[in-house]
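Chain by chain, the residues:
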Amino acid sequence: MKSLSITGLILLAVSALLFYLTTDFTVEKITMSHIMGIMAGVGIGLIIGGMVGYVSKGSAIKEEQKKKEFKQLQKDKEDLEKQAAEIAKRQAELEEQNKNPQI
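Residues numbered from 1 in each chain as written. Predicted model: local features only at pLDDT ≥ 70, side-chain atom pairs only at ≥ 80, totals over all residues. Heavy atoms only, no water.

### Quick look at the overall build of the protein
Thinking step 1. When you go through the protein residue by residue, the secondary structure sums to 2 helices and 0 strands.
Thinking step 2. Taking 2.2 N^0.38 as the reference for a compact globule, 103 residues should give roughly 13 Å; the C-alpha atoms of the protein span a radius of gyration of 34 Å, well beyond that estimate.
Thinking step 3. By its C-alpha atoms, the protein is 115 × 15 × 10 Å across when sized along the principal axes.
Thinking step 4. Buried positions account for 2% of the 103 residues belonging to the protein.
Thinking step 5. Once the 14 positive and 13 negative side-chain charges of the protein are each reduced to a mean point, those two points are 4 Å apart. (Helix = DSSP H or I, 4+ residues; strand = E, 2+ residues; numbered from the N terminus. Rg over C-alpha atoms; globule rule 2.2 N^0.38 Å. Buried < 20%, exposed > 50% of the residue type's maximum accessible area, 1.4 Å probe, protein only. Lys, Arg positive; Asp, Glu negative; His and termini not counted. Charge placed at Lys NZ, Arg CZ, Asp CG, Glu CD.)

As C-alpha cells, then:
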C-alpha cells in the first residue's frame, strides 16, 4: 500500500505541474479538456483503488484462514499428546499389574 500511495503522490505532483504549465492556475484558461482530464483521472484512480482493495482483502482473508488452520492443528497436536501420555500411563499400569499379580 505504501508504494501505491507514493505512486499516487508522484502522479498528483506531475498532474499539478502540467496543469500549472498549461493554465498558470488562472480560471479563465481552464477548458473543457481540463475537466475531462480530471474526471478521467478520478475514474482511473477509483478503478485501480478498487482492484488493489479487492486483492488486499483476498490476501487478508487467506492469511486469516491459515492462522485458523494453524491454531486448529496446534489444538489437535495437544490432544494427541494428551492421548499418547494417557496410553503410556495405562500401559505402565498394566505392566506393573502383570509383574505383581495379586492372588
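### Topic: the pattern of salt bridges
Two side chains that carry opposite charge are able to pair once their charged atoms sit near each other.
Thinking step 1. All chains considered together, the criterion is met by 3 salt bridges.
Thinking step 2. The partner of Lys68 in a salt bridge is Glu64, and the shortest N-O contact between them spans 3.8 Å. A residue pair is termed a helical-turn pair when its members lie 3 or 4 positions apart in one helix, as Lys68 and Glu64 do in helix α2 (residues 32–99) at 4 residues.
Thinking step 3. On the accessibility criterion, Glu64 (46% relative accessible area) is partly exposed.
Thinking step 4. Here Glu86 ties to Arg90 by a salt bridge, and the two come within 2.6 Å at their closest N and O atoms. Within this pair, Glu86 and its partner Arg90 are both found in helix α2, separated by 4 residues, close to a single helical turn.
Thinking step 5. For Glu86, a relative accessible area of 41% translates into the label partly exposed. (Salt bridge = Lys/Arg side-chain N within 4 Å of Asp/Glu carboxyl O.)

### Some thoughts on a negative patch on the surface
Thinking step 1. A contiguous patch of negative charge, built from Asp76, Glu78, Asp79 and Glu81, is present on the exposed surface.
Thinking step 2. With respect to the secondary-structure elements, Glu78 resides in helix α2.
Thinking step 3. By relative accessible area, which is 47% here, Glu78 ends up partly exposed. (Patch = residues over 30% accessible without salt bridge, like charges linked within 9 Å, V, L, I, M, F, W, Y side chains within 5 Å. Areas by Shrake-Rupley, 256 points an atom, 1.4 Å probe, with all protein chains shown as cover.)

### Thoughts on a nonpolar patch on the surface
Thinking step 1. A cluster of nonpolar side chains, Ile6, Ile10, Val14, Leu17, Leu18, Tyr20 and Leu21, forms an exposed patch at the surface whose accessible area comes to about 690 Å².
Thinking step 2. Note that Ile10 resides in helix α1 (residues 2–23).

### Brief notes about the environment of Thr22
Thinking step 1. Mapped onto the fold, Thr22 is located in helix α1.
Thinking step 2. Thr22 sits 12 residues away from His34 along the chain, and the two C-alpha atoms are 9.6 Å apart.

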